[in-house]
Each structure stands twice: as C-alpha cells, then as structure tokens.
Amino acid sequence: MTGPEADELTVGDEVDVEVGPIAHGGHCVARHEGRVLFVRHTLPGERVRARITEGGPGDRFLRADAVEVLTASPDRVPVRCPVAGPGRCGGCDFQHVSTEHQRRLKADVVAEQLQRLAGIEREVLVEPLDDEDGLRYRTRVEFAVVDGRVGLRRHRSHEVVPVTGCPIAVPEIDEALVETLADVERTRGELDGISALDIVVPSAEADTVVVEVPTEEPTPPIAITERVATPAGERVLGVDARGFWQVHRDAPRAFVGAVLAAADVRPGERVLDLYSGVGLLSVPLAEAVGPDGQLIAVESDRRATEHLRDNLAATPQALVVCGRVDDLFGVPRRGRRRGPRRPARSDLLPPSADVVVLDPPRTGAGRGVVEALTSLRPRRLVYVACDPAALARDTGYLTGLGYDLTGLRALDAFPMTHHVECVATFEPKGEDARP
Ligand SMILES: C[S@@+](CC[C@H](N)C(=O)[O-])C[C@H]1O[C@@H](n2cnc3c(N)ncnc32)[C@H](O)[C@@H]1O
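Just so it is clear, the structure is predicted and the values come from calculations on it, not from any experiment. (Residues numbered from 1 in each chain as written. Predicted model: local features only at pLDDT ≥ 70, side-chain atom pairs only at ≥ 80, totals over all residues. Heavy atoms only, no water.)

## A closer look at the domain arrangement of the chain
For the chain, the assigned domains are domain 1 (6-76), domain 2 (140-214) and domain 3 (223-432). With centres defined by C-alpha atoms, the gap from domain 2 to domain 3 works out at 31 Å. Opposite the 14 residues of domain 2 that make contact, domain 3 presents 13 residues. For the pair domain 2 and domain 3, the two sides together bury roughly 1,100 Å², of which 50% comes from carbon and sulfur. Counting across the domain 2 and domain 3 interface gives three salt bridges. Between D198 and R242 there is a salt bridge, and its shortest N-O distance comes to 2.8 Å. The interface formed by domain 2 and domain 3 includes seven residue pairs in polar contact (both at pLDDT 80 or more). Of the residues forming the side of domain 2 that touches domain 3, the biggest block, three residues, is contributed by strand β11 (residues 209-214). Grouping the amino acids of the side of domain 2 that touches domain 3 by side-chain chemistry returns nine nonpolar, one polar and four charged. (Domains from an automatic or database assignment. Contact = heavy atoms within 4.5 Å. Buried area = accessible area lost by both parts, 1.4 Å probe. Salt bridge = Lys/Arg side-chain N within 4 Å of Asp/Glu carboxyl O. Polar contact = N/O pair within 3.5 Å; in protein donor to acceptor, adjacent residues only side chain to side chain. Helix = DSSP H or I, 4+ residues; strand = E, 2+ residues; numbered from the N terminus. Nonpolar A, V, L, I, M, F, W, Y, C, P; charged D, E, K, R; others polar.)

Structure (structure tokens):
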C-alpha cells in the first residue's frame, strides 16, 4: 500500500507496518520510514494496517490503531467481547491476545522498565490470580452516562460505547445493569443529572450496589463491606462504595498473601503501611506485629481514613494518620515550586521502622518520599505497584540509596488489559544490612 510521506502522517491516515516489541501502556512500537508509531490492538511480529489516531507532522511519535491484521501472530485469539477493538471500548486492550501470552507481554514490560529506568536485569514471571479464562473477575465497573446513553468510554475519549454488560465483570454486575436500564425504560426515568452508574458487588453482602453518580455534586457516602481472609481468620472491612478497593475478586486474598510473605513481619516490630486505603494490608500487618508491636497506617482520603479507623479498632497496636505521605514526611509536593521553607516533618511519624509497606497511586512515591523512607532504615521495604514505570523509577532511587531489589512478584490482577500489579521487596545492600 502506498501512503502519505512519514513526516506528513496525520489522524485518519493509514499505513502498513511491521510491529515491534510491546511497550509500557499496552501498545506495540512500530516504525514507518523512521517515524515511531505506538499501535494498539496488535502484537509483536504482526504486520498490520495502522490508522493514525493521534499526532501529526512535527510530533515526536504518533498513536495508531491496528484496523486490519495482514499477518497475524500465533498468540492472537478472537476477542471475547463485542465492543473490544479499534475505535471501540477503551477498557480491554488485550482481548485479542491469549491470556497466557497477555502475561508474557506484561512480564516483558516490567522487565524492560526495570532495565531501562533502574538498570536492573531481571527475569519476570506474571502469575495468574486464578486458573480461569480472564473473564468475569471485576467486582466494580463504572458505566458512563452521556446524553442519556449508558456505556463504557472509548480510548482517550469522553464518548461512550453503549453496552448492556461487560464480560470481565462478575455476572451480578451485568444483571444489575440490565435491571437498571429496564427500570429507566419502564418508568421513563431520566438519567439527567447522573454522570455514571457505578456498580459494585461487595463480597460480604448479598446485594449488588448501584451508585448513581451525580454530575454536579459529590456522591454521598455509601458504606459497604468486603470480606478478607487474613492468617488470623476472616475479617470484614468497611469501605465506601466509590472508595478504593482492589477490583479483581481474588486480589485481596492474593495481595495480602504476597505482602505478608514479602514483609516477613515479626511480633513486636514497628511497621508503616503507607497509602493504606481502608486497611486491606494494614489489618493483617497489625495482626502480624501483635500487641507488643506497632502498625502506623497513613492515608490521605478522609472517608477512607474513617473506615480505616473502624477496620483497625480491634488492634490497639495500630495508629491511623490521616494526611499525605509527602506532607507528613516534610517532602515538598512534586510539581509545586518550593516555598522558602521546607514543610515540617510530622511528629506522628516515628524516627525508624522495621518494615515499610507502600502502595502508592499510579504516579509512584517519588524521589523525596523514597529518601524519607530509607532514612527510617527499615530492614525491609515492600512496594506494591500498579504502574511498572513508576516502580522502576522508584527502584532506581532505592538502589541509589543503598537498597537492593531482593524479590519481585507480578500478579495478573487485570486480565484482558495491559495492567499488572507488582509486589517488590527491597533490603539494605550487603554490609548495610541490620542484624
Ligand atoms: C493504590 S491505593 C492502595 C490502598 C490499599 N493498600 C489497598 O490495597 O486497598 C492508594 C491509596 O493511597 C491514597 N493516596 C493517594 N495519594 C496519597 C498520598 N499522597 N498520601 C497518602 N495517601 C494517598 C489513596 O486515597 C488510596 O487509598
């Protein structure tokens, strides 16, 4: 196919390209006459017709979608969702890949990020959370409402693709969506003033919760309960229906197990659980330090902190601090100009800790927070990461500050998408190690 000159390529143009390796973000890298294209819905080794979706002359790279597969990869499979694919729902970008190969691609991304950003060569294995087909696992889905239409957002767009279900959601979510849509139809009810339907299936309750998210004002609090197995028994934790909770039905069990094994907490120790949410990890960590130890959980969201306090009420060795981790450590916020004075370090934080667990949002912890954490001289630091690039960046800071990456597990908590969760363990290098 002859097409436009590479430097003139713009949105809507199509070019045939050989597809190169997977990159962070779920797309593959291809080149057209030297210009870099990040192409979605394809696989390394394929030849595809790629339609430019973003970028134009003068841009460093272009985004594109594989609208036709000219030579297919052996790992390509038929999509398992009617709205997956180029120009459709932006949610599942790996529907066209076998689940086993999805995990290999994610492993390649984690390994590549660690190599590029932290200079660490490491083989990575992404573990499935269950042995099923990567479908029907999400216990939370937010359906957008736009101009009275209910659906899922297109990739990097505010437009919605109308749907009546989602194959990666647990069946109760599809049932609740269909019932809600039928109610709206039957009662001629309006969806005016509603920007989303957030459907949640709490593990400790019989009923599915449908939250109508108002367009103009904050959603009122809706408390729900989630069941978690910890080594000390089964716990029921309170959380807000729209608050942070792991979406995969098996993730709470898997993450608690992975973090406890990595942290290897001993009774009597002092442990920090930073970015703690409602305490999925704080509760088992508080149990592990026992009555003679101390667990300090730090979370910035006020509603989450209220649940966190309740969830930790049975473990008096736990202290809850509501605030931003960077502010509390006296680290200037990223992206803000430094004022004349550094913020003061909070007295609520201890001068040292045996173990630090952190589970920051997608942006990671950042150099300032990492420096503050290493100054606590923990014997172990367990980093739960939902973004391999942020993990790799922070790993680079940690290794520069005397810590080695001594363990890494990658868990497939988001099948059918490029997302992957990592649990990384860091320990002081050689002679720095404390007894
Ligand atoms: C990825 S979630 C982890 C929650 C918890 N570990 C879990 O697995 O349920 C990150 C949490 O960090 C909180 N958060 C975000 N930025 C923060 C900050 N700068 N300081 C403290 N908490 C923050 C969010 O409100 C959210 O609850």
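## Focus: the sheet that holds strand β2 (residues 28-32)
As summarised here, the arrangement of the five strands in space is β1-β2-β3-β5-β4, forming a closed barrel in which the pairing is mixed. Going from strand to strand, the sheet's axes swing by 50 degrees on average, the running direction of each strand aside. Taken together, the five bridges between strand β3 (residues 35-40) and strand β5 (residues 61-71) define a ladder with parallel strand orientation. If you follow L37 over to β5, its bridge partner there is L62. (Pairing = 2+ DSSP bridges. Axes fitted to C-alpha atoms, helices over the stretch in contact; angles between N-to-C directions.)

## Some points on the nonpolar core
Of all hydrophobic cores here, the largest spans 73 residues; its most connected members are F143, I173, L281, L285, L295 and L312. Considering every element that reaches this core, the biggest residue donor is helix α3 (residues 251-263), with nine residues. Of all hydrophobic cores here, the second largest spans 42 residues; its members include V110, F329, A424 and F426. (Core = buried A, V, L, I, M, F, W, Y, C linked by side-chain atoms within 4.5 Å. Buried < 20%, exposed > 50% of the residue type's maximum accessible area, 1.4 Å probe, protein only.)

## Concerning the pairing of strand β13 (residues 233-240)
Where strand β12 (residues 223-230) lies against β13, eight bridges are found, and the strand directions are antiparallel. Bridge assignment links T230 to a residue of β13, and that residue is G233. Hairpin connection between β12 and β13: a loop of two residues separates the two successive antiparallel strands.

## Remarks on the site of the ligand
Every one of the 16 residues lining the ligand counts as a neighbour, but E299, S300, R324, V325 and D359 are closest to it. A distance of 3.4 Å is found between an oxygen atom of the ligand and a side-chain nitrogen or oxygen belonging to Q246. S300 is positioned such that a nitrogen or oxygen atom in its backbone is 3.2 Å from a nitrogen atom of the ligand. Considering the ligand on its own, with 600 Å² of exposed area, one finds that the protein chains cover 87% of that surface. Its residues assigned to classes, the shell around the ligand comprises seven nonpolar, five polar and four charged. (Near = heavy atom within 4 Å. Areas by Shrake-Rupley, 256 points an atom, 1.4 Å probe, with all protein chains shown as cover.)

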